[in-house]
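These are the residues of each chain, in order.
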Amino acid sequence: MSSATRLSRAYQNAKVIPFNEEDKFILFSDCHRGDNSFADDFANNRNIYFHALKHYFNEDFHYIELGDGDELWENLTFKSVFEAHKNVFLLLKDFYINNRFHSIWGNHDMAYKNPNFVKKQLWSYFNHITGDNEDLFKGIQVHEGILLKHTDSGQEIFLTHGHQADWWNYNFWKWSRFLVRILWKPLNVIGIADPTSPAKNYKELIKIERRTKAWISNNNQIITIVGHTHRPRFPEPGEIPYFNDGSCVHPRSITGIEIENGTISLVKWEISTNDDGILQIVRVLLEGPQKLMLYKTN
C-alpha cells in the first residue's frame, strides 16, 4: 500500500468535527509522554506543556493531539506513563469532560488503533487514595484522522499524524517498537539517538514531507496538518498547504498550531526570563495569523 493510499484512507475514514469562526483549537503532537526516566523526552518540557494546556483550557480551546502523545514503544503499558504525568492526564480529563479533547494515534502510540486496548488503558485508572477505579477518558475513541469542516464555507482541514508517508514506521511499527524497547531505550539514556526516527534523519524527513505534499496536491490542495517529523512548517498562502505543528520535545520549548477566529498560527511556548531575571513561561508567535480562506482549494 502506497503512502498516498494510506493518507487517502485516513482522510476518508476521518472523524468529522464541524467548526465555525467562534471555535478555537490548539494542536500539539509528539509529546512522547514517558515514565519520567532518563529516556523520557517529555519530562524536560512537562511544566511548559502543563502551563500551556491550562491556558488553553481557561480560554475555551479544543485540544487535538495529532499522535505520539504517549510513548508506548519504550513503555509496555499506559499505566507507567499515567503515574509519571498524572497531573497532565487529569487536566486532559477536564478537556474531555467538556467535550474538548480529541485524539489521533501515531506510530509510537499505534496500539490505540485497537479499540479494546483503548478501553482497557484509557477509559479508567486506579486511584491509590480511594482504592477504586475511576473514570479517565471513559468512552473515548482514538482516530487515525480528524476532519475539521467549516459549517458555513465547507472548507476542510485534514488532521493526521503523518506517519502514513513513512513506509517503515507505518508498516513495521511493531518491529520498530521492539528495537526501541530492547536496543534504543538504553542507548538513549547515554545520548545515542534512534536512527529510525525521521526527526533524527534529515533525508528521510524530506522524503516524508515530499510524499505528503504530493498527496495534498493531488487532493484538491486540502489544508493538511501533521506532526511526526518534529519539524514545524507553516506555508504562505499560494503554497502547498502542508502544515506541521512540530513537537513537544524540542529543547526547552514546545510548538503547536492554533486555529481561532478563522485564522491559523504557529506558536511556541518556552521558558524565558523577564528584566528582573525571573523565569517565566511565555507564548511566542512564530508564524501567522493567516486567514484560513486564503488557503483556497482548486
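Before any of the text, the structure's been laid out above.
Quick caveat: nothing in here was measured; it's all calculated off a predicted structure. (Residues numbered from 1 in each chain as written. Predicted model: local features only at pLDDT ≥ 70, side-chain atom pairs only at ≥ 80, totals over all residues. Heavy atoms only, no water.)

Novice: Just checking my understanding: could you explain the environment of Ser80 for this structure?
Specialist: Mapped onto the elements of the fold, Ser80 is located in helix α3 (residues 78-84). On a C-alpha basis, the gap between Ser80 and Arg33 in space is 10.0 Å, while along the polypeptide they are 47 residues apart. (Helix = DSSP H or I, 4+ residues; strand = E, 2+ residues; numbered from the N terminus.)

Novice: Honestly, the sheet that holds strand β1 (residues 15-19) in this entry has me stumped. Any pointers?
Specialist: Strand pairing in a sheet takes place through backbone hydrogen bonds and is either antiparallel or parallel in direction. Ordered in space as β1-β8-β9-β10-β11, the five strands form an open sheet in which the pairing is mixed. Each end of this open sheet is capped by a strand with a single partner; those strands are β1 and β11 (242-244). For this sheet, the mean inter-axis angle between neighbouring strands, taken without regard to orientation, is 25°. By the bridge criterion, three bridges tie strand β9 (residues 156-160) to strand β10 (residues 223-226) in an arrangement that is parallel. Bridge pairing links Leu159 to Ile225 in β10. Against the sheet, helix α1 (residues 3-12) contacts β8 (145-150) and β9, and its axis sits at roughly 115° relative to β9. (Pairing = 2+ DSSP bridges. Axes fitted to C-alpha atoms, helices over the stretch in contact; angles between N-to-C directions. Contact = heavy atoms within 4.5 Å.)

Novice: Just checking my understanding: could you explain the environment of Glu204 for this structure?
Specialist: On the secondary structure map, Glu204 appears in helix α8 (residues 202-217). A C-alpha to C-alpha distance of 9.1 Å links Glu204 and Thr229, two positions 25 residues apart in sequence. If we skip the residues at most four places from it in the chain, Glu204 touches Asp166 and Arg211.

Novice: Got a minute to help me understand the sheet that holds strand β4 (residues 101-104) in this structure?
Specialist: Ordered by their spatial adjacency, seven strands build an open sheet running β7-β4-β3-β2-β12-β13-β14, and the pairing between neighbours is mixed. At either end of the open sheet lies a strand with only one pairing partner, and these are β7 (142-143) and β14 (279-291). By the bridge criterion, three bridges tie strand β2 (residues 25-28) to strand β12 (residues 253-260) in an arrangement that is antiparallel. When the sheet's bridge partners are listed, Leu27 is paired in β12 with Ile257. Packed on one face of the sheet, helix α2 (residues 46-58) meets β2, β3 (62-66), β12, β13 (263-273) and β14 and runs near 135° to β13.

Novice: Would you mind showing me how to read the nonpolar core here?
Specialist: In this structure, Phe28, Tyr49, Tyr56, Tyr63, Leu92 and Phe137 are the most contacted members of the largest nonpolar core, which totals 38 residues. Of all the secondary-structure elements, those providing two or more residues to this core are β2, α2, α3, α4 (86-97), α5 (115-122) and β13. If you look at the next biggest cluster of nonpolar residues, it comprises 21 residues, including Leu66, Leu148, Ile225 and Ile264. (Core = buried A, V, L, I, M, F, W, Y, C linked by side-chain atoms within 4.5 Å. Buried < 20%, exposed > 50% of the residue type's maximum accessible area, 1.4 Å probe, protein only.)

Novice: Would you mind showing me how to read the packing of α2 against α4 here?
Specialist: Two measures define how a pair of helices packs: the angle their axes make with one another and the distance between the axes. Contact pair α2 / α4: the axes reach a minimum separation of 11 Å and the direction vectors enclose 15°. Here α2 lies roughly parallel to α4, going by the angle between them. For the crossing formed where α2 meets α4, the hand is left-handed. Of α4, the residues touching α2 (which contributes Arg46, Tyr49, Phe50, Leu53, Lys54, Tyr56 and Phe57) are Asn87, Val88, Leu91, Leu92, Asp94 and Phe95. Its residues placed into classes, the contact of α2 with α4 shows nine nonpolar, one polar and three charged. (Parallel < 35°, antiparallel > 145°, perpendicular 65-115°, else oblique. Left-handed = near helix turned anticlockwise from the far one by under 90°. Nonpolar A, V, L, I, M, F, W, Y, C, P; charged D, E, K, R; others polar.)

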